[in-house]
Amino acid sequence: QEGIAYEIRDSRYPQPNRTLASYTEGKQKGHSKLVRGYWGDVVQSPYWALGVDAEDARLFKKRSYQHVKTCQHVAEYNVYAMLHELRTGSKFKMPDEDDEIHGRS
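A word on the overall build of the protein chain. Secondary structure assignment for the protein chain yields 2 helices and 4 strands. For the protein chain, with 105 residues in total, the buried portion stands at 22%.

So, in structure tokens, the structure goes:
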């Protein structure tokens, strides 16, 4: 394990990320014990800031009681929307025809 929960593209991570490694209380065979681990990205993903809410309801469709899109899709939509609104001054609208975010499913 490298300590990186969300790898980006084909990047290499030659050294473990120990910046968020810490100890937490745990139990082993009924005895309390401090357990060292990496809890950063696993507990707080990078998508919390932008991947929870969006104006387009299609991002929250469900099939078989499960969401079709992930928080990554919602975050991408929100980033595209913010950049589009900054550049053009008009609201971003996800294309109707393919119901996808720029080719992603």
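Back to the write-up after that little detour.
Overall, the coordinates contain 2 salt bridges when judged by the stated rule. Notably, a salt bridge pairs Glu55 with Lys91, separated by 3.4 Å at the nearest N-O pair. Taken together, the positions of Glu55 in the loop between α1 (40–43) and β3 (62–63) and Lys91 in the segment after α2 (71–88) put the pair 36 residues apart, joining distant regions of the chain. Owing to a relative accessible area of 56%, Lys91 belongs among the exposed residues under this scheme. A salt bridge links Asp56 to Arg58; its shortest N-O distance comes to 2.7 Å. When sorted by exposure, Asp56 lands in the same class as Arg58, which is buried.

Right, let's get into the environment of Ser32. Inspection of the secondary structure puts Ser32 in strand β2 (residues 31–38). A relative accessible area of 66% means that Ser32 is categorised as exposed. Apart from residues no more than four positions distant in its own chain, Ser32 is found in contact with Gly26 and Lys27.

Notably, Lys29 is not glycine yet its phi reads approximately 55 degrees, a positive angle. With respect to the secondary-structure elements, Lys29 resides in the loop between β1 (21–28) and β2. A relative accessible area of 79% places Lys29 in the exposed class.

Further remarks concern the pairing of β1. Sheet topology note: the β1/β2 ladder contains 8 bridges and is antiparallel. Residue pairing across strands places Ala21 opposite Tyr38, the latter belonging to β2. Hairpin connection of β1 to β2: 2 residues between the antiparallel strands, including Lys29 at a positive phi of 55 degrees.

Over its 18 residues, α2 runs 25 Å from end to end, which matches the ideal 26 Å to within 8%, given 1.5 Å per residue. Buried within α2 are the following residues: His73, Val74, Ala75, Glu76, Tyr77, Asn78 and Ala81.

Turning our eyes to something else, we now look at the environment of Tyr47. By the element assignment, Tyr47 lies in the loop between α1 and β3. Since its relative accessible area comes to 22%, Tyr47 is described here as partly exposed. Residues Tyr47 and Glu76 lie 29 residues apart in sequence; the distance between their C-alpha atoms is 9.3 Å.

Reading the values: rules and limits
- What you see as residue numbers is a count from 1 along each chain, following the sequence as written.
- Only residues with pLDDT of 70 or above have their local features reported here, since the model is predicted, and side-chain atom pairs are shown and tallied only from 80 upward, although totals for entire chains, interfaces and linings are computed over all residues.
- Water and hydrogen atoms were dropped before computing side-chain values, which therefore reflect all heavy atoms in the structure.
- To qualify as a helix, a DSSP run of H or I must reach at least 4 residues; to qualify as a strand, a run of E must reach at least 2; elements of each kind are numbered from the N terminus.
- Burial classification: accessible surface area is computed with a 1.4 Å probe over protein chains only, and a residue below 20% of its type maximum counts as buried, one above 50% as exposed, and the rest as partly exposed.
- Here, a salt bridge means any side-chain nitrogen of Lys or Arg that lies within 4 Å of a carboxyl oxygen of Asp or Glu.
- The contact criterion used is simple: two residues touch if any of their non-hydrogen atoms lie within 4.5 Å.
- Any two strands are treated as partners once DSSP identifies two or more bridges connecting them.
- A helix is expected to reach a length of 1.5 Å times the quantity of its residues less one.

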